[in-house]
Amino acid sequence: DEIARTRDREFSEFRKRIKNTEQFKVTASVFDDATYGALYKLVQDGHIDAFGGPISTGKEANVYTALAGDSEARSASGQSGGDGEPRDEEVAVKVYRINASDFRDMRGYLDGDPRFEGIGSDKKKVVTAWVRKEFANLQRAQKAGVRVPNPIAVQRNVLVMEYIATEDGRAKRLNEVHIENPETAFEVVREYMRRLYDAGLVHGDLSEYNIVFHEGQLVVIDLGQAVTVHHGNARDYLERDCENVANFFARQGVDVTAEDLLATVTRA
Ligand code: ATP
Ligand code: MN
């Protein structure tokens, strides 16, 4: 009917618009139709507007910037006091590639998580559950007092969140910056780990590569693989996180071992 035809036309114009943005030609990435559909829905719901360039192309997901849609731009300027700097109107968009995803590995992190019981082994379902898990993990971490990107929306294989950046671009990871005061930075990360654990979560991929430095704060990113403490491997993941973090800060001259860190994080 008429409405469906109009919708189809709007959708194909939207797809063309994304495909034709300059940055997009450079990345040569091509989304499948369902991903365009998810992005389109996010646009219609007012979460994102024009698509920007890629900030990261990973094995399973690419991260892009986008202009915030109407609903986000308004709340973002409200939060920041409306100083009108362009970065307030940008969001980060993490797009998982259903086909490239190593979904067997993903299943290992989903199995045993009571929030995602019985999702089966369908590839699409596994990836979309993963994205919803990442969104839920961000919310839970935020509630626990851990600084993470504010989660904004999730749609199928696409996650929209706060873009942690300055006018110079994305915030740098800990491995990319000179840390003025490693002792203090370590104490902040240790406290974040303790708060996460208290809130029933283990990050599962915590290291200097998944912590960014922004305006004097440390921000934990990449919570897709984070599991609840009930997960059968939660202890192993936590020990690995402690090793990564302790090794990194030991190299920065901090007197710390993985065992000490684990003890502090799990102390009741
Ligand atoms: P990798 O496999 O490299 O760890 P990933 O697919 O797990 O990547 P993320 O770690 O979430 O994805 O993001 C990849 C990179 O994109 C990050 O290292 C960071 O530099 C940047 N990034 C991700 N999310 C944000 C954000 N919300 N704000 C600013 N930069 C971000
Ligand atoms: Mn990462």
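Residues numbered from 1 in each chain as written. Chains lettered and ligands numbered in written order. Predicted model: local features only at pLDDT ≥ 70, side-chain atom pairs only at ≥ 80, totals over all residues.

The name recorded for the protein chain in an unreviewed UniProt entry is non-specific serine/threonine protein kinase, from Halomicrobium mukohataei. If you open the UniProt record of the protein chain and go to Sequence similarities (unreviewed entry), you find "Belongs to the protein kinase superfamily. RIO-type Ser/Thr kinase family." (UniProt positions renumbered as here; feature names shortened; annotations may be inferred.)

Draft legend 1. Region of interest: the site of ligand 1. Around ligand 1, a shell composed of 21 residues is seen, among which Ser 56, Gly 58, Ala 92, Pro 149 and Asp 222 lie nearest. Listing elements by their share of the shell around ligand 1, those giving two or more residues are strand E1 (48–57), strand E2 (61–68), strand E3 (90–96) and strand E5 (158–162). For the shell around ligand 1, the per-class residue count stands at 11 nonpolar, three polar and seven charged. Each of two domains, domain 1 (2–166) and domain 2 (171–266), supplies a minimum of three residues to the shell around ligand 1. (Near = placed C-beta within 6 Å. Helix = DSSP H or I, 4+ residues; strand = E, 2+ residues; numbered from the N terminus. Nonpolar A, V, L, I, M, F, W, Y, C, P; charged D, E, K, R; others polar. Domains from an automatic or database assignment.)

Draft legend 2. Examining the domain arrangement of the protein chain more closely. What the domain assignment lists for the protein chain is domain 1 (2–166) and domain 2 (171–266). On the domain 2 side, the residues contacting the 20 residues of domain 1 number 24 residues. Per-element accounting of the side of domain 1 that touches domain 2 gives the leading share, eight residues, to helix H6 (residues 123–143). Class assignment of the residues belonging to the side of domain 1 that touches domain 2 gives a composition of 11 nonpolar, three polar and six charged. (Contact = placed C-beta atoms within 7 Å.)

Draft legend 3. Seen up close, the packing of helix H8 (residues 234–251) against helix H9 (residues 258–266). Running from N to C, H8 and H9 point in directions that differ by 125 degrees, and their axes come no closer than 8 Å. Between H8 and H9, the crossing angle belongs to the class labelled oblique. Seen from above, H8 lies across H9 with right-handed handedness. Packed against H8, whose contacting residues are Leu 238, Glu 239, Cys 242, Glu 243, Val 245 and Ala 246, the element H9 presents Ala 258, Leu 261, Leu 262 and Val 265 at the interface. Its residues assigned to classes, the contact of H8 with H9 comprises eight nonpolar, no polar and two charged. (Axes fitted to C-alpha atoms, helices over the stretch in contact; angles between N-to-C directions. Parallel < 35°, antiparallel > 145°, perpendicular 65-115°, else oblique. Left-handed = near helix turned anticlockwise from the far one by under 90°.)

Draft legend 4. Region of interest: the pairing of E5. Judged by how many residues are buried, E5 sits mostly within the fold: five of five residues are covered. Across five bridges, E3 lies against E5 in antiparallel orientation. Looking at E5, one finds that Val 93 is bridged to Val 160. Here strand E4 (residues 151–155) pairs with E5 via four bridges, running antiparallel. Counted as the bridge partner of Val 154 is Leu 159 from E5. (Buried ≥ 20, exposed ≤ 12 C-beta atoms within 10 Å, placed from the backbone. Pairing = 2+ DSSP bridges.)

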